2 protein chains.
Amino acid sequence: MENESTATSLKLFIVLSRAYKAINEHVNKVIQAAGLNPTEFAVLELLYHKGDQPLQQIGAKILLASGSITYVVDKLEHKGLLNRIACPKDRRVIYAHISDDGKKLIQDIFPEHAEQIDKLMSSLTEEEKTAAIELLKKLGLSAGKF
Amino acid sequence: MENESTATSLKLFIVLSRAYKAINEHVNKVIQAAGLNPTEFAVLELLYHKGDQPLQQIGAKILLASGSITYVVDKLEHKGLLNRIACPKDRRVIYAHISDDGKKLIQDIFPEHAEQIDKLMSSLTEEEKTAAIELLKKLGLSAGKF
DNA sequence: TATAATAATTTTGAAATCGAGATATTTAAA
DNA sequence: TTTAAATATCTCGATTTCAAAATTATTATA
């Protein structure tokens, strides 16, 4: 442990990991109870809230390797929750488009999902949450650049 | 989205997830460059810093299923980085004990590991890190209780 | 226009993880 | 003491993920 900064950073890393894992453990239960795994939910929710996305963009946004995207999108397509749509401008590109069933599923799950997250965060005041958001945003953005 | 609190909580969840993943991605590279995967590192580091542990305790501490513990400990044992030691008091229990080679490896990796985490956190001031630690500690503890 | 470099997706094989069940041991209860 | 319940580890099969290579399409360059 070379210096003070390193010690603080290590501690931050530990509490960040613990908080993430503790929260995620609970969040995943709600999602899995709906018959999706966390990755499938992340993809569907992205499409629901942000509209059609090229597969590659999905991978970039939820941090998943290209091969895994193919796998997850296949599964969601087989379940009838999304469709692949060829891009007319660039034939390398394939868009994922959420289906009506997919929309219904997200509409079913999302309120409970949001409510649970709010419950899990309820130990912080609004001001503390806002402060945490700013700090973590800065951290995530700069860490992403290395 | 029912209310203001929920919206803030969802945003916090998102930035928390992204920060965690962005940081972890880099941290894992250092570990993998040393020939370990993140779980193997977590086990060895636990043994290094906290001493011998029953396999079951390892699983509890790094949140891994029993079947996975067997798998990871097997790998570390084959690499000569730890040994299984039978508990004389309770013949169901097996301790994992870090070997001299395992100690050497952690001593090799840990400084760089710590330095990299410090670098990844360098966009925050010491005060900001301390603030983030407090907020995340509170969050992780309360989320763990649900 | 060819050719090469870049880009998006898919394929493939290997690794990591989980959950359920199997085995062995210990503890508690009848 | 015998039985039942609980505990620790391991085995097995299935799922999820990644990394590298393959395929197809586009863009830039000679």
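Look up a bit, the structure's there.
Because the structure is a prediction, the values reported are computed rather than measured.

Novice: Explanation requested: the protein's contact with DNA strand D in the structure shown.
Specialist: Thr-39, Ser-68, Tyr-71 and Lys-75 of chain A together with Gln-56 of chain B are the nearest of the 21 residues found near DNA strand D. Each atom of DNA strand D within 4 Å of the protein belongs either to a base or to sugar and phosphate, the latter forming 78%. Gln-56 of chain B is positioned with one of its backbone polar atoms (N or O) 2.5 Å from a phosphate oxygen of DNA strand D. Measuring from a base nitrogen of DNA strand D, one finds a side-chain N or O atom of Ser-66 of chain B at 2.8 Å. Among the elements of the structure, α4 (66-78) of chain A together with α3 (55-62) and α4 (66-78) of chain B are those that each provide at least two residues to the surface near DNA strand D. Per-element tally for the surface near DNA strand D: the top contributor is α4 of chain A, with four residues.

Novice: Help me understand the interface of chain B and chain A, please; the structure alone is not making it clear to me.
Specialist: One frequently used descriptor of interface size is the decrease in accessible area upon assembly of the parts. Listed as interface residues are 51 residues of chain B and, on the opposing side, 54 residues of chain A. Counting across the interface, chain B meets chain A through two salt bridges. Take the side of chain B that touches chain A: its biggest share by element is 21 residues, from helix α1 (residues 4-33) of chain B. Split into classes, the residues belonging to the side of chain B that touches chain A amount to 26 nonpolar, 13 polar and 12 charged.

Novice: What's the story with the pattern of salt bridges in this structure? I'm lost.
Specialist: Oppositely charged side chains can pair when the atoms bearing their charge come close. Residues and elements named next belong to chain B. Enumeration according to the criterion identifies 20 salt bridges over all chains in this entry. Across the pair Glu-40 and Lys-79 runs a salt bridge whose closest N-O atoms are separated by 3.1 Å. One end of the pair, Glu-40, is in helix α2 (residues 38-50); the other, Lys-79, is in the loop between α4 and β2 (82-86), and 39 residues separate them in sequence. Residue Glu-40 is classed as buried on the basis of its relative accessible area, which comes to 2%. According to the relative accessible area criterion, Lys-79 is partly exposed, its value standing at 40%. In this structure, Glu-126 engages Lys-129 in a salt bridge whose closest nitrogen and oxygen atoms are separated by 2.9 Å. With Glu-126 and Lys-129 both in helix α6 (residues 126-145), this residue pair falls three residues apart, about one helical turn.

Novice: Looking at this structure, I do not really get the sheet that holds strand β3 (residues 94-98) of chain B. What am I missing?
Specialist: The strands making up a sheet are joined through hydrogen bonds of the backbone, oriented either antiparallel or parallel. Residues and elements named next belong to chain B. Sheet architecture is open: three strands sit in the order β1-β3-β2, paired in antiparallel fashion. Each end of this open sheet is capped by a strand with a single partner; those strands are β1 (53-54) and β2. By the bridge criterion, five bridges tie β2 to β3 in an arrangement that is antiparallel. Residue pairing for β3: Ala-86 is matched across the bridge by Ile-94.

Novice: Help me understand the sheet that holds strand β3 (residues 94-98) of chain A in this model?
Specialist: All names here are of chain A. In space, the three strands of this open sheet follow the order β1-β3-β2, with antiparallel pairing throughout. Since the sheet does not close on itself, it has two edges, and those belong to β1 (53-54) and β2 (82-86), each with one partner. Strands β1, β2 and β3 of the sheet are contacted by helix α2 (residues 38-50), whose axis makes an angle of about 85° with β3.

Novice: Got a minute to help me understand the packing of aromatic side chains in this structure?
Specialist: One pair of aromatic rings is described through two measures. These are the centre distance and the angle between the planes. Tallied over the entire structure, the rule returns one aromatic pair over all chains. Ring geometry for Tyr-20 of chain A versus Tyr-20 of chain B: centroids 4.1 Å apart, planes at 15°, classification stacked. Of this pair, Tyr-20 of chain A sits in helix α1 (residues 4-33) while Tyr-20 of chain B sits in helix α1, each in a different chain. Considered together, Tyr-20 of chain A and Tyr-20 of chain B belong to a single accessibility category, that of buried residues.

Novice: Explain the protein's contact with DNA strand C to me, please; I cannot follow it from the model alone.
Specialist: DNA strand C sits among 21 residues. The nearest are Gln-56 of chain A together with Asn-37, Thr-39, Tyr-71 and Lys-75 of chain B. The protein-proximal atoms of DNA strand C, defined as those within 4 Å of the protein, are 77% sugar or phosphate. Contacts to DNA strand C include Arg-84 of chain A, whose side-chain N or O atom sits 3.0 Å from a phosphate oxygen. Within the side chain of Thr-39 of chain B, one N or O atom sits 2.6 Å away from a phosphate oxygen of DNA strand C.

Novice: Whenever I open this one, the layout of surface pockets confuses me. Can you help?
Specialist: Unoccupied space between atoms shows up once a probe the size of one water molecule is rolled over them. For the largest pocket, the calculated volume is near 1,500 Å³. Ser-17, Arg-18 and Lys-21 of chain A together with Lys-61 and Ile-62 of chain B are the residues nearest the centre of the largest pocket, which is lined by 39 residues in total. Mapped by element, the contributors of at least two residues to the lining of the largest pocket are α1 of chain A together with α1, α2, α3, α5 (100-120) and α6 of chain B. The element that contributes the greatest number of residues to the lining of the largest pocket is α1 of chain A, accounting for 12 residues. Within the lining of the largest pocket, the residues separate by chemical class into 22 nonpolar, nine polar and eight charged. In this structure, the second largest pocket spans a volume of roughly 1,300 Å³. Along its surface, the second largest pocket is lined by 34 residues, and Ala-42 and Glu-45 of chain A together with Phe-13, Ser-17 and Lys-21 of chain B are the ones closest to its centre.

What counts as what
- Residues numbered from 1 in each chain as written.
- Chains lettered and ligands numbered in written order.
- Predicted model: local features only at pLDDT ≥ 70, side-chain atom pairs only at ≥ 80, totals over all residues.
- Heavy atoms only, no water.
- Near = heavy atom within 4 Å.
- Polar contact = N/O pair within 3.5 Å; in protein donor to acceptor, adjacent residues only side chain to side chain.
- Helix = DSSP H or I, 4+ residues; strand = E, 2+ residues; numbered from the N terminus.
- Contact = heavy atoms within 4.5 Å.
- Salt bridge = Lys/Arg side-chain N within 4 Å of Asp/Glu carboxyl O.
- Nonpolar A, V, L, I, M, F, W, Y, C, P; charged D, E, K, R; others polar.
- Buried < 20%, exposed > 50% of the residue type's maximum accessible area, 1.4 Å probe, protein only.
- Pairing = 2+ DSSP bridges.
- Axes fitted to C-alpha atoms, helices over the stretch in contact; angles between N-to-C directions.
- Phe/Tyr/Trp six-rings, centres within 6.5 Å; stacked < 30°, edge-to-face > 60°.
- 1 Å grid on protein atoms, 1.4 Å probe; cavity = no way out; pocket = protein on both sides within 12 Å on 5 of 7 lines; lining within 4 Å.
- Points joined across faces, edges and corners; volume = space filled by probe spheres on them.

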